[in-house]
Protein chains: 2
Amino acid sequence: MLTKSEHPFDDATRVTAGDSRWQGRTSPDYWAFVGPFGGATAATILRALIEHPQASGDPLSLTVNYCAPIAEGPFDLDVRLVKANRSSQHWCVELSQGGAGVATLATAVFAERRRSWSHQQATFPDAKPFEQIQPYPNVAATWVKQYDFRFIDGDPDFRSGKAYPASAFSKLWIGDRVPRKIDMLSLMAMSDAFFARVFHARGELVPFGTVSLTTYFHADADDLAKEDITRLLAVADAKIFHKSYGDQSGELWSPSGRLLATTTQIAYFKA
Amino acid sequence: MLTKSEHPFDDATRVTAGDSRWQGRTSPDYWAFVGPFGGATAATILRALIEHPQASGDPLSLTVNYCAPIAEGPFDLDVRLVKANRSSQHWCVELSQGGAGVATLATAVFAERRRSWSHQQATFPDAKPFEQIQPYPNVAATWVKQYDFRFIDGDPDFRSGKAYPASAFSKLWIGDRVPRKIDMLSLMAMSDAFFARVFHARGELVPFGTVSLTTYFHADADDLAKEDITRLLAVADAKIFHKSYGDQSGELWSPSGRLLATTTQIAYFKA
């Protein structure tokens, strides 16, 4: 049985170990329009890998392909270590529910992060302090209520009638609504916590779904533990919307100016 | 038996159909330092999918995880349609050689690209015409000789002794050395044809290997056929190098100013 833990995020991403088949379940706290928040699904997959007895090293990259909607309730995670090398591991995870086939297909790379030359070429974005910005009001989807969004640029304004195309760029602070120390799992989830770029570009809500999401981790668990933070500065943008699909790329920064993760996704839209 | 076709790229990426197991082989024409050029491997995987009798729609995204070196010679491609929906397909491909386990693990999404609202937010980079730029001299790796690189910014200069960190940004024209019309396959290969960002940032060659590569296609086969081009304008940059891994993101543009593909990768380096 799953027992209640301290934080809704840890409940939502809880997994039960199996041999190669693990279990998880969707959480009403992280529900989106037609299924669970994709970031929670991605974090649940990552949790199964991090907690796997064969796991070694830190998450380096995770790609999640959302193949079909996930229904409310339990799901299975078929976890497979495809290849292990001296300093890296390649994983494949399939999420399925009963006989409905694969709903989510993910691949991950774990790696020993050895000391090396280090250079951050990207520039830390200017940002007003978190405390000086009004929180984004709660909206319908429950997952949005789990986060504290403070928009610096690209404040969502999805009332139709605005002139478009508007900029797809957003800059915001993001943290868990119930503060929780940022770890690999919440970093993964937050990499999918941007609102759809097409909503910003169009100034309205349209049917939307992420198809494939890839996040790279530029900090290991030690780096993250040292940061000891509960929020991130995040930027996201899009380059193109064409023939029903659009892209998104994003950066997740620690308040101290360290680039923790970069993320990219391609998503379906109807407009 | 494989027969010789007109273009070395088509030879290098040739596949022989099986049921779920297809075959390919490495090409001496597209050889890198310790294995085949990763872009050729990615394009070979994509070719197996495009030529697959169950394939439907156009490539939308391809993620390739390079798990282990590929030896010279033949390899098997285990091709699996993980999920098919009304308008999209999710594929998984494992490349292996004999009993050596999986060397490359890839996931792909194919989609019907329906007409929609279209908006290109990204700006076409300024560039001197291809003809006004000297070709990049041939270097040791055979794969580099297969391409005609014309650098606008970030001309590779990997003599040690330069001040670093230098900019990791590059802008260049790229085409097949033997001109070949750009299709999905060459677009995929060219998305991995940037020199390592760490070479640029450090101003020297260091041990390097791509670990995971993701490319999104923003044009379908019809769009590409209409472009009728043999070269691309490409930009690539990096955000961070840390604890032995660095990122790269890139854009591939048609000369007419259409964004055809975006790409991102995470790579190992030793420095």
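These numbers come from a predicted model, not from an experiment. (Residues numbered from 1 in each chain as written. Chains lettered and ligands numbered in written order. Predicted model: local features only at pLDDT ≥ 70, side-chain atom pairs only at ≥ 80, totals over all residues. Heavy atoms only, no water.)

**As for the confidence of the model for chain A**
This prediction gives chain A a mean pLDDT of 94; 97% of its residues lie at or above 70. Interface scoring of the predicted complex returns ipTM 0.95; its pTM is 0.96. (pLDDT = per-residue confidence, 0-100.)

**Looking at the nonpolar core**
B:Leu77, B:Trp143, B:Tyr147 and B:Phe149 are the most contacted members of the largest nonpolar core, which has 69 residues in total. If you tally residues by element for this core, the top one is helix H2 (residues 38–50) of chain B, at seven residues. (Core = buried A, V, L, I, M, F, W, Y, C linked by side-chain atoms within 4.5 Å. Buried < 20%, exposed > 50% of the residue type's maximum accessible area, 1.4 Å probe, protein only. Helix = DSSP H or I, 4+ residues; strand = E, 2+ residues; numbered from the N terminus.)

**Some thoughts on the environment of B:Leu77**
All names here are of chain B. One can find Leu 77 in strand E3 (residues 74–84). The spacing of Leu 77 and Leu 95 is 18 residues in sequence and 4.6 Å in space, taken between C-alpha atoms. Residues within four places of Leu 77 in sequence aside, it is in contact with Val 15, Ser 20, Arg 21, Trp 22, Thr 44, Ile 45, Ala 48, Val 93, Glu 94 and Leu 95. (Contact = heavy atoms within 4.5 Å.)

**Observations concerning the interface of chain A and chain B**
In this assembly, 70 residues from chain A lie in contact with 70 residues from chain B. For the pairing of chain A and chain B, the buried interface totals around 5800 Å² over both sides, and the portion due to carbon and sulfur atoms is 55%. Three residues, A:Trp117, A:Lys239 and A:Lys243, lead the burial of chain A against chain B; their summed loss comes to 14% of the area buried on that side. Between chain A and chain B we count eight salt bridges in total. Summed over the shared surface of chain A and chain B, the result is 53 residue pairs in polar contact (both at pLDDT 80 or more). Of the residues that constitute the side of chain A that touches chain B, the class distribution is 32 nonpolar, 22 polar and 16 charged. For strand E11 (residues 240–242) of chain A and strand E6 (residues 119–120) of chain B, the ladder comprises two bridges, and the chain directions are antiparallel. (Buried area = accessible area lost by both parts, 1.4 Å probe. Salt bridge = Lys/Arg side-chain N within 4 Å of Asp/Glu carboxyl O. Polar contact = N/O pair within 3.5 Å; in protein donor to acceptor, adjacent residues only side chain to side chain. Nonpolar A, V, L, I, M, F, W, Y, C, P; charged D, E, K, R; others polar. Pairing = 2+ DSSP bridges.)

**So, the relation of the copies chain A and chain B**
Between chain A and chain B, which share one sequence, the superposing operator has a rotation angle of 180 degrees and an axial displacement of 0.0 Å; the RMSD is 0.0 Å. Here the symmetry operator amounts to a two-fold rotation axis. An overlap of 100% is found between the interface residues of chain A and their copies at the interface of chain B, pointing to a shared contact surface. (Least-squares fit on C-alpha atoms with pLDDT ≥ 70 in both.)

**Thoughts on the pattern of salt bridges**
Residues and elements named next belong to chain A. Here the structure, examined in full by the defined rule, presents 36 salt bridges over all chains. Here Asp 228 and Lys 181 are joined by a salt bridge, their closest N and O atoms 3.5 Å apart. One end of the pair, Asp 228, is in the loop between helix H6 (221–227) and strand E10 (231–237); the other, Lys 181, is in the loop between strand E8 (170–176) and helix H4 (184–190), with 47 residues separating them in the sequence. Two residues, Glu 204 and Arg 202, come together in a salt bridge whose shortest N-O distance is 2.8 Å. Of the two residues, Glu 204 and Arg 202, neither departs from the other in class, the shared state being buried. Through salt bridges that share partners, Asp 10, Arg 47, Glu 51, Arg 180 and Asp 183 make up one connected network.

**Comments concerning the pairing of strand E3 (residues 74–84) of chain A**
All names here are of chain A. Here strand E1 (residues 21–25) pairs with E3 via five bridges, running antiparallel. Bridge pairing links Arg 25 to Pro 74 in E3. Bridge analysis of E3 against strand E4 (residues 88–96) gives eight bridges, and the strand direction is antiparallel. When the bridges of E4 are listed, Asp 76 appears paired with Ser 96. The turn linking E3 back onto E4 is made up of three residues.

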